[in-house]
Amino acid sequence: MARQDRAIRTRRLFLEAAAEVFNECGYDAASISAILDRTELTRGALYFHFTSKEELARGVLAEAVTSEGLVPQTLKLQEWVDVGLLLAYRLPREPMLSASIRLAVDPKARGLFGTRWPDWIVLGRDMIAEARARGEVHAHVDPAVTSRLFVGSWTGVQLVSGSLDESPQLVDEIAALLELVLPSIAVPGVLAQLDTSPGRAERLLAASRAAAEDRGPRSADGPPTGR
């Protein structure tokens, strides 16, 4: 068991190092040597887990769709809001997530590996569809179209805000985006109950991580789709 735990930690170290290098250099300019320098581990240890830079990139993208911090809410639409806020809070703080965006907008990497945007769209579509079935969303709302447009808008906000000289906090920008979108899809009684405050994501994540620590090492480390 100790050997297995060590192997899991080593694999994670290589993924985190690769994410940092992809973030800083882009996929093309990233090198195995630069990734190894971040870990101070051997090339043999790397190739035990990943046979190439391509496999490292695929590993980073596999971590992109994540629901850490998300907890069941009375309103399904609140859970959808929480997904957007949590990702906006975590992305600037977690290289693994920001690297997945960098790989997605890099033409060469996108051509090789695709993106996880379709997975985010499906996740949002299903949540909005359930919210509509519960009467939280207007009957005319198309869950697939709404989710696709929101994922595109979310990504655009992230790219633009990150390119500004005085970059606003991403979670603040996404909270503002939700304030614009929600009145067009949520029924009035539900809209009044939704919490889109930027500080909500930090509170949810802190509570989730504290609960995970209380459960101890035997607890699961998140859903199959990510950490």
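Residues numbered from 1 in each chain as written. Predicted model: local features only at pLDDT ≥ 70, side-chain atom pairs only at ≥ 80, totals over all residues. Heavy atoms only, no water.

With that out of the way, let us pick up the overall build of the chain. On a plain count of helices and strands, the chain comes out with twelve helices and zero strands. Its helices and strands in sequence order give the chain the pattern α-α-α-α-α-α-α-α-α-α-α-α, from N to C terminus. Its C-alpha atoms give the chain a radius of gyration of 19 Å, within 12% of the compact-globule value 17 Å for 227 residues. Dimensions of the chain, computed from the C-alpha atoms along their principal axes, are close to 60 × 40 × 30 Å. A total of 227 residues make up the chain; the buried ones form 43% of that total. Summarising the internal contacts of the chain: among those between residues at least 6 apart in sequence, 70% fall at separations of at least 24. Taking the average location of the 26 positive side-chain charges in the chain and that of its 30 negative ones, the two points are 6 Å from each other. (Helix = DSSP H or I, 4+ residues; strand = E, 2+ residues; numbered from the N terminus. Rg over C-alpha atoms; globule rule 2.2 N^0.38 Å. Buried < 20%, exposed > 50% of the residue type's maximum accessible area, 1.4 Å probe, protein only. Contact = heavy atoms within 4.5 Å. Lys, Arg positive; Asp, Glu negative; His and termini not counted. Charge placed at Lys NZ, Arg CZ, Asp CG, Glu CD.)

Close reading of the predicted structure is inappropriate where its pLDDT is low. With 94% of its residues at a pLDDT of 70 or more, the chain shows a mean pLDDT of 89. Averaged over each element, pLDDT in the chain is lowest for helix α7 (residues 107–113) (87) and highest for helix α11 (residues 188–191) (98). Between residues 218–227, whose pLDDT stays under 50, and residues either more than four places distant or in other chains, the model counts 15 contacts. (pLDDT = per-residue confidence, 0-100.)

Once that is clear, we can look at the nonpolar core. Of all hydrophobic cores here, the largest spans 38 residues; its most connected members are Leu 77, Trp 80, Trp 154, Leu 178 and Leu 182. Those elements that provide at least two residues to this core are α5 (76–90), α6 (95–105), α8 (117–133), α9 (143–163), α10 (170–181) and α12 (199–215). (Core = buried A, V, L, I, M, F, W, Y, C linked by side-chain atoms within 4.5 Å.)

Moving on, we get to the layout of surface pockets. Taken as a whole, the second largest pocket spans an internal volume of roughly 340 Å³. Surrounding the second largest pocket, 17 residues form its lining, Leu 91, Pro 92, Ser 98, Gln 158 and Gly 162 being those nearest its centre. Residue assignment for the lining of the second largest pocket shows that the elements contributing at least two residues are α6 and α9. Here the residues of the lining of the second largest pocket sort into eight nonpolar, eight polar and one charged. (1 Å grid on protein atoms, 1.4 Å probe; cavity = no way out; pocket = protein on both sides within 12 Å on 5 of 7 lines; lining within 4 Å. Points joined across faces, edges and corners; volume = space filled by probe spheres on them. Nonpolar A, V, L, I, M, F, W, Y, C, P; charged D, E, K, R; others polar.)

Further remarks concern the packing of α8 against α9. If you want to describe how two helices pack, look at the angle between their axes and the distance between the axes. Remark: α8 packs on α9, axes separated minimally by 8 Å, with the N-to-C direction vectors making an angle of 130°. Here α8 is positioned oblique relative to α9, judged by the angle of their axes. As for how α8 packs across α9, the hand of that crossing is right-handed. The segment α8 lies against α9, with Trp 117, Trp 120, Ile 121, Gly 124, Arg 125, Ile 128, Ala 129 and Arg 132 engaging Pro 143, Ala 144, Thr 146, Ser 147, Arg 148, Val 151 and Thr 155. Taken together, the residues that form the contact of α8 with α9 break down as eight nonpolar, four polar and three charged. (Axes fitted to C-alpha atoms, helices over the stretch in contact; angles between N-to-C directions. Parallel < 35°, antiparallel > 145°, perpendicular 65-115°, else oblique. Left-handed = near helix turned anticlockwise from the far one by under 90°.)

For the pair helix α4 (residues 53–62) and α6, interaxial distance at closest approach is 8 Å and the crossing angle is 115°. Both α4 and α6 take part in a crossing whose hand is left-handed. Contact residues: α4 offers Ala 57, Val 60 and Leu 61, while α6 offers Met 96, Ala 99, Ser 100 and Leu 103. Classifying every residue of the contact of α4 with α6 gives six nonpolar, one polar and no charged.

Before going further, it helps to spend a moment on α10. Quick reminder: α-helices carry 3.6 residues per turn. Residues three or four places apart thus point the same way. Given a rise of 1.5 Å per residue, twelve residues ought to cover 16 Å, and the 16 Å separating the end C-alpha atoms of α10 matches this to within 8%. Of the residues making up α10, those classed as buried are Leu 170, Val 171, Ile 174, Ala 175, Leu 177 and Leu 178. What you see down the axis of α10 is that its buried residues fit within an arc of 160°, all on one side. Where α10 is buried, its residues contact α5, α9 and α12. (Expected span 1.5 Å × (residues − 1). Arc of directions from axis to C-beta.)

Moving on, we get to α5. The first and last C-alpha atoms of α5 sit 21 Å apart over 15 residues, in line with the 21 Å expected at 1.5 Å per residue. The buried fraction of α5 is high, at 15 of 15 residues.

What follows is about the pattern of salt bridges. Within this structure, the stated rule accounts for 18 salt bridges. Between Asp 28 and Lys 108 there is a salt bridge whose closest N-O contact spans 3.1 Å. Of this pair, Asp 28 sits in helix α1 (residues 2–29) while Lys 108 sits in helix α7, and the two are 80 residues apart along the sequence. The salt bridge partner of Arg 203 is Asp 195, with a shortest N-O separation of 3.5 Å. Using a relative accessible area of 48% as the deciding quantity, one classes Arg 203 as partly exposed. By relative accessible area, Asp 195 is classed as partly exposed at 23%. (Salt bridge = Lys/Arg side-chain N within 4 Å of Asp/Glu carboxyl O.)

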